[in-house]
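Here are the chains, one letter per residue:
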Amino acid sequence: MNKAVNDGVWSGSWVAERLGVQLVGDDELTGMLGLALRRNPKRAHLLVSNVLGKHVPQSPSVVYGAGFALGRRVRDLLGAAEAARAVVLGYAETATGLGHAVADGVGLAPYLHSTRRPVAGVARAGGFEESHSHATSHLLLPEDPALLVGDGPLVLVDDEFSTGNTVLNTVRDLHERYPRRRYVVVALVDMRSAADAGRLEEFAREIGARVDLVAAASGTVRLPEGVLEKGQELVARYEAESAGAGALSSAAPSGPVAPRGGAANRHSPAPPSSGVAVEAGQDANPPGARGTARPAPTGPPPNVTRIDLHWPPGLPDGGRHGFTPQHRTRLEAALPAMAARLAEALPTDARRVLTLGFEELMYAPLRLARELEQVAEGVEVRYSTTTRSPVLAVDDPGYAIRTRLVFPAHDTPADGPGERYAYNVAGAGFDAVIAVVDSVADTPELHAPDGLLARLAAHAPQVLLAVVPSYVPGPLALPERHPMLPEPLRGPAFSSYAPDEVGWLLQDLSDVTLEAPTEEREEAIQSGGAHYAESLPMEYQPSEQYQELFHTALEESAARLAQAAGAVTEIVLAERSPRPVLVSLARAGTPVGVLMRRWAQFRHGLELPHYAVSIVRGRGIDANALRWLAQHHDPRDVVFVDGWTGKGAITRELAAAIREFEVSDGITGFDPEIAVLADPGSCVRTYGTREDYLIPSACLNSTVSGLISRTVLRADLVGPHDFHGAKFYRELAGADVSVAFLDAVSARFPEVVDAVDATVKELLSGDREPTWEGWAGVERISEEYGIHDVNLVKPGVGETTRVLLRRVPWKILARAGAGADLDHVRLLAEQRGVPVEEVAELPYTCVGLIHPKYTRGATGADGKAVNV
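Structural notes, computed from the coordinates. (Residues numbered from 1 in each chain as written. Predicted model: local features only at pLDDT ≥ 70, side-chain atom pairs only at ≥ 80, totals over all residues. Heavy atoms only, no water.)

## A word on the sheet that holds strand β32 (residues 793-795)
Within the open sheet, the four strands sit side by side as β32-β35-β33-β34. Their pairing is mixed. At either margin of the open sheet sits one strand with a lone partner, and together these are β32 and β34 (836-839). The mean angle between the axes of side-by-side strands here comes to 20°, regardless of whether they run parallel or antiparallel. Here β32 pairs with strand β35 (residues 846-850) via three bridges, running antiparallel. Residue pairing in the sheet places Lys 794 in a bridge with Gly 848 of β35. Against the sheet, helix α21 (residues 773-784) touches β32, β33 (809-815) and β35, its axis set at about 140° to β32. (Pairing = 2+ DSSP bridges. Helix = DSSP H or I, 4+ residues; strand = E, 2+ residues; numbered from the N terminus. Axes fitted to C-alpha atoms, helices over the stretch in contact; angles between N-to-C directions. Contact = heavy atoms within 4.5 Å.)

Okay, here's the thing in structure tokens:
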């Protein structure tokens, strides 16, 4: 972290010496803060942060890292489950970017910042006053009125916590409307006095809520008596001095004098001996601006170039109306290409570049600058923003604001026209400045001869203008509901699950004969004569010995399953949505979805919606089911659930299907990332474990899945406005263990709580990026065994079990030394006459190979496989 020092001098020493102001606290305090003076009747001094990116140009990685680190501390304080329910609120204008970075660090917390810009058509959800500010009114304008509703923690982020008045005003207003049990106050620096600290604790008791504080550094400002009057007198004197030194001011900007990154600029000449500010701009009614004698330009500067960022359509430009985890995902995906466009537009000889944000628009320019810092080799990137806060500029190494540019407001502000400022930009030796504004601010005032672009062009050889579309919420519109889409099927009429455990977005085909002998189905599928989803296999009824094996496996693995179910649920709550809508991929995902729902209720008292939908390899997901979900829930809250991954075919299928659905229906927001109990194939980021072990629900078919068949998609049965179909095998009720399986696992929840917390902590802090090593292993096996079709290679314990139960198996590959997890596989293989081959190097515990050249002659009369 760069210290707030210039030439070895603390950038608060000028104020400290003249006013007797003292900064007392943590060792790093003077490294983070400098001091300046401002024209404000309520507070003379200004704490100037060196890591905020507002007044002092700083490395964007330092700025973003400071906020992100605070967010991580908040997540650790709250725990993963509570953090998943949190909402982060930042303060305009100074902390809009900081708050957004904190939200990123917390995880998948939605973010909102207050604003001083009223937006037509957007209802006010709250407001408060900032008592020491020059502009007091804060508005809360969330697009979704429910954003501030709920009992999860509210995280309030400001750059400094000085008296606590702003936070008290905010909490008081919001607590009356949206009461909650916990608040977390976050600041870069906590500068409260002991008396102010006591006020916050007293207020927390008054409202009956817990209030925590997280800060990067703490201390206090000691102010001598009469400091306000003395500061105002000092400001007035130096403004008059600066106005009288117009000739010097107009000439000085041609040579850089401001510090580079907080240290002396290697290009800087000796600073002017008078100590007056270097300033550009003149105001007709100067409230603190020391005008210059620089003649006004007569036309647009020739060194200003507009750059089209190709900002993603519909993506908010910040948190003024709310910024969700899904928005964050879209932004992350688009940043590299946008930064590349900026890098290409820079002069080839540029070595020092400033990305300059605009008042409340801090986060988007910060992320662009941080990305540019990564891609622009050999370029020193700095970041700061313009501001409406008037501060005295004094060119002295011991003063935090060395120079300022003055220009008219260019976003038609609600409180009327006025001055705006850019600090420590003039004379800083930037080879190029990238000005990032929103489209509301792309006005004639911006391009005027005395506007921001002209001021920047006078101090940098090249100015690039990047305009981010101002996001204006539209009416909340839901897709028109198709009259033929029915309500979900529920037990006991359809499935043996309780009605609240799962709703099936399927149609009931129980009265249709769909089963065919396994051998006939396999021949038709491999010959291309039929799709596997057009018929159903005969339900394999396990022997008494096999059923005993299932119950033994369940007893031995119930705790391990409970831990994995708890872990994946906590990951979902922490990273995907605080109120997820679980959508299981029928049918293997359904028991897992029920377990996740039960864990959320057990651990957090949440009653999560849970549905089951059909997805068919080669045909995609049921589009009508997606339409139904979009009509009844926010697609951004939907989390698709499956039992386990094999080679990742369904993972890829779902991603492709969602892309097609967005194009065909124009409905966006569904995230194709699947949450699974086990991810042995390393195909997803959201999982409970990556171990390849026996999940007992894979041992059986419908009798462990609510007596529901696998799904069916056949043109003569499923019309364009129908859900995919499935059967309810009521006649198998005597062998049904569906609820017994769930009860056995959920009964172990209390004993695995600590293990789940440890697992979640490890997963959240580790690298979970998919490696797809399973897919690579499957391709290798397909070639080594002469199969040449990855669809006939079924990796993992679960998929191998399915091969033995539903397909015509050829052979089983087992990892050498695999133990009890394969007992049921060995038993099934023995019963079907399938050889088990031990393999030393195998990425899974076992792999099932479907007969690669199937004909009816490949099995005997008893249906057993014949080796070829």
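## Notes on the pattern of salt bridges
Enumeration according to the criterion identifies 36 salt bridges in this entry. When the shortest N-O distance is used, the salt bridge between Glu 93 and Lys 54 registers 2.9 Å. In this pair, Glu 93 sits in the loop between β6 (87-90) and α5 (96-106) while Lys 54 sits in the loop between β5 (45-49) and α3 (60-78), placing the two residues 39 residues apart along the sequence. Glu 93 gets classed as buried once you look at its relative accessible area, which sits at 4%. Its relative accessible area of 1% is what places Lys 54 among the buried residues. Notably, a salt bridge pairs Asp 665 with Arg 627, separated by 2.6 Å at the nearest N-O pair. Taken together, the positions of Asp 665 in helix α18 (residues 649-665) and Arg 627 in helix α17 (residues 623-632) put the pair 38 residues apart, joining distant regions of the chain. (Salt bridge = Lys/Arg side-chain N within 4 Å of Asp/Glu carboxyl O. Buried < 20%, exposed > 50% of the residue type's maximum accessible area, 1.4 Å probe, protein only.)

## Describing the layout of surface pockets
Taken as a whole, the second largest pocket encloses approximately 710 Å³ of empty space. If you go around the second largest pocket, you meet 25 residues; those closest to its centre are Leu 108, Arg 328, Thr 329, Glu 575 and Arg 685. For the lining of the second largest pocket, the elements supplying multiple residues, two or more each, are α3, α10 (325-345) and α11 (363-375). Take the lining of the second largest pocket: its biggest share by element is six residues, from α10. Grouping the amino acids of the lining of the second largest pocket by side-chain chemistry returns six nonpolar, five polar and 14 charged. (1 Å grid on protein atoms, 1.4 Å probe; cavity = no way out; pocket = protein on both sides within 12 Å on 5 of 7 lines; lining within 4 Å. Points joined across faces, edges and corners; volume = space filled by probe spheres on them. Nonpolar A, V, L, I, M, F, W, Y, C, P; charged D, E, K, R; others polar.)

## Comments concerning the sheet that holds strand β15 (residues 352-358)
Sheet architecture is open: five strands sit in the order β14-β20-β19-β15-β16, paired in parallel fashion. At either margin of the open sheet sits one strand with a lone partner, and together these are β14 (304-307) and β16 (380-386). Within this sheet the neighbouring strands show an average axis-to-axis angle of 25°, counted without direction. Where strand β19 (residues 432-438) lies against strand β20 (residues 462-468), seven bridges are found, and the strand directions are parallel. Bridge pairing in β20 places Val 433 opposite Val 463. Taken strand by strand, α11 contacts β15, β16 and β19, and its axis lies near 175° from that of β16.

## Focus on the pairing of β19
For β19, the tally of buried residues reaches seven of seven residues, placing the bulk of the element in the interior. Here β19 shows two buried faces, one formed by Ala 432, Ile 434, Val 436 and Asp 438 and the other by Val 433, Ala 435 and Val 437. Judged from the four bridges that link them, β15 and β19 form a sheet pairing that is parallel. When the bridges of β19 are listed, Leu 354 appears paired with Val 433.

## Quick look at the packing of aromatic side chains
One pass over the full model with this rule turns up 14 aromatic pairs. Plain terms: the ring middles of Phe 323 and Tyr 363 are 6.2 Å apart, the flat faces sit at 65° to each other, and that makes the pair edge-to-face. One end of the pair, Phe 323, is in the loop between β14 and α10; the other, Tyr 363, is in helix α11, and 40 residues separate them in sequence. Both residues of the pair, Phe 323 and Tyr 363, belong to the buried class. Relative to Phe 749, the ring of Trp 599 lies with its centre 5.0 Å away and its plane at 80°, an arrangement referred to as edge-to-face. Of the two residues, Trp 599 sits in helix α16 (residues 589-604) while Phe 749 sits in the loop between α19 (738-746) and α20 (753-765), which places them 150 residues apart along the sequence. (Phe/Tyr/Trp six-rings, centres within 6.5 Å; stacked < 30°, edge-to-face > 60°.)

## What to know about the pairing of β5
Burial of β5 is extensive: five of the five residues sit out of reach of the surface. Residues His 45, Leu 47 and Ser 49 point to one face of β5 and Leu 46 and Val 48 to the other, with burial holding for every one of them. The pairing of strand β4 (residues 33-37) with β5 spans five bridges and is antiparallel. If you follow Leu 35 over to β5, its bridge partner there is Leu 47.

## Here we look at the environment of Leu 707
In this structure, Leu 707 sits in the loop between β30 (686-689) and β31 (725-726). Expressed as a C-alpha distance, the spacing of Leu 707 and Ser 738, which sit 31 residues apart in the sequence, is 7.6 Å. Residues within four places of Leu 707 in sequence aside, it is in contact with Ser 496, Ser 702, Lys 727, Phe 728, Tyr 729, Leu 732, Ala 733, Asp 736 and Ser 738.

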